Amino acid sequence: MSDTTNSADSLQRFSFDNTNIRGELAHVNASYREVLKRHQYPTLIAKAVGELMSATALLSANLKFTGRLTLQIRLPGNISLLQAETSDKGQLRAIARYEEGTEESELSFADGQMIITIEPEVGQRYQGITLIKGGNVAGALEDYFEQSEQLGSRFWLACDGQNAAGFMLQQMPSEQGDDPDAWDRLSHLASTIKDEELINLNNEVLLHRLYHEEQVRTYPASELSFFCTCSKDRIGNALHQLGKDELMQIIEEQGKISINCDFCKQAYSFDKEQVNELFPEQNLQ
């Protein structure tokens, strides 16, 4: 084994024989840097975005359907929003909102809410809410699973401003397993992870360092990537809600309607003819 950095963005499951404990390892490198290319975030916020993307990737391991999972943190202070999303295909995007122009030394994470939203393409939308203290994503997730799912869960998240990674342990609701001390032992060993190890070591090396005396079983990794779901059709549908008269007034004043996607900064524009096309029912009158 070699200490080779995980260059590929990936999500990999592992489990421990004769226990009801499983884990996930997420590496969010290129997709995280794609987000940073589009936003000039201060270091504090940039690292928080990386941690949130890693956490969202870990949570996506529970998606058993076609759809999206969103992890959102709403705060009352000068950092007001952190949000990361993933699809069932591991396509990630993220954004942060804060008081621009604030000195970085004055930026801080106030206590707020963490909101987990699951939106299947078919079926009922689910939303869970838990408190988050001081921007501690890992702690809030542990509280959420303890309160809402009654599942013992531990999270470790790390980001160095260029790469991000996450590690999750979870006790499954199963009577299987003949090792009553496994949860305490495996959690304690995981708590020895250093941030640089989580970010830089490949999964095989990391798991061996932590659990060389345990029977660890790994499963094929899935790919993660940056992908934004915005499109001209989606923007057009949103504009449709404003009504044709208001849109035409904007075009009269500005010549066209220009919109940039908050997530990826893709620019979209609509002229008079394109706005007319958004209202075919009115054009027939």
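Look a little higher up for the structure.
Residues numbered from 1 in each chain as written. Predicted model: local features only at pLDDT ≥ 70, side-chain atom pairs only at ≥ 80, totals over all residues. Heavy atoms only, no water.

Kindly report on the sheet that holds strand 4 (residues 79-87), identifying the contributing residues and their values.
Pairing in this open sheet of six strands is mixed, and the strands run 7-6-3-4-5-12 from one edge to the other. The open sheet has two free edges, formed respectively by strand 7 (126-132) and strand 12 (225-226), since each of these has just one partner strand. Across seven bridges, the pairing between strand 4 and strand 5 (residues 91-98) is antiparallel. Bridge pairing links Glu 85 to Arg 93 in strand 5. Across the sheet, helix 3 (residues 137-149) is in contact with strand 3 (67-74), strand 6 (112-120) and strand 7; its angle to strand 7 comes to roughly 125°. (Pairing = 2+ DSSP bridges. Helix = DSSP H or I, 4+ residues; strand = E, 2+ residues; numbered from the N terminus. Contact = heavy atoms within 4.5 Å. Axes fitted to C-alpha atoms, helices over the stretch in contact; angles between N-to-C directions.)

I'd like a description of the nonpolar core, backed by residues and values.
In this structure, Tyr 41 and Val 49 are the most contacted members of the largest nonpolar core, which totals 66 residues. The greatest single-element share of this core, amounting to ten residues, is contributed by helix 2 (residues 43-59). The contact partners of Val 49, leaving out residues within four places of it in the chain, are Tyr 32, Val 35, Tyr 41, Leu 82, Ala 94 and Ala 96. Membership of the second largest hydrophobic core comes to 22 residues, among which are Trp 156, Trp 183, Ile 193 and Leu 201. (Core = buried A, V, L, I, M, F, W, Y, C linked by side-chain atoms within 4.5 Å. Buried < 20%, exposed > 50% of the residue type's maximum accessible area, 1.4 Å probe, protein only.)

Describe the pattern of salt bridges, listing the residues and the values that go with them.
As enumerated under the stated definition, the model contains 13 salt bridges in all. With a closest N to O distance of 3.9 Å, Asp 88 and Lys 89 form a salt bridge. On the basis of relative accessibility, which here comes to 32%, the residue Asp 88 falls in the partly exposed class. With its nearest N and O atoms 3.1 Å apart, the salt bridge here joins Arg 209 to Glu 197. With a gap of twelve residues between them, Arg 209 in helix 6 (residues 203-211) and Glu 197 in helix 5 (residues 195-200) connect regions that are remote in the sequence. What emerges from the salt-bridge pattern is a single network uniting Arg 13, Arg 22 and Glu 24. (Salt bridge = Lys/Arg side-chain N within 4 Å of Asp/Glu carboxyl O.)

Go over helix 7 (residues 232-240) with me, naming the residues and quoting the values.
Of the positions making up helix 7, those classed as buried are Ile 235, Gly 236 and Leu 239. Looking straight down helix 7, one finds that the buried residues subtend no more than 100° of arc, so they occupy a single side. Opposite the packed face of helix 7, turned more than 90 degrees from it, sit the exposed residues Asp 233, Arg 234 and Asn 237. Tucked inside the fold, the buried residues of helix 7 contact helix 8 (244-254), strand 13 (257-260) and strand 14 (267-270). (Arc of directions from axis to C-beta.)

I'd like a rundown of the environment of Asn 18, residues and numbers included.
Relative to the elements of secondary structure, Asn 18 occurs in the loop between strand 1 (10-16) and strand 2 (21-28). In terms of polar contacts, Asn 18 uses its side chain to reach the side chain of Gln 215, at 3.5 Å. (Polar contact = N/O pair within 3.5 Å; in protein donor to acceptor, adjacent residues only side chain to side chain.)

Account for helix 3, naming residues and giving values.
Spanning 13 residues, helix 3 covers 17 Å between terminal C-alpha atoms, matching the ideal 18 Å at 1.5 Å per step. Every buried residue of helix 3 is accounted for by Val 137, Ala 138, Ala 140, Leu 141, Glu 142, Tyr 144 and Phe 145. For helix 3, the elements touching its buried residues are helix 2, strand 3, strand 6, strand 7, strand 8 (153-159) and strand 9 (164-171). Its side-chain oxygen 3.4 Å from the backbone nitrogen of Ala 138, Asn 136 forms the N-cap of helix 3. Once helix 3 finishes, Gln 150 follows within two positions and takes phi at roughly 55°, a positive value. (Expected span 1.5 Å × (residues − 1).)

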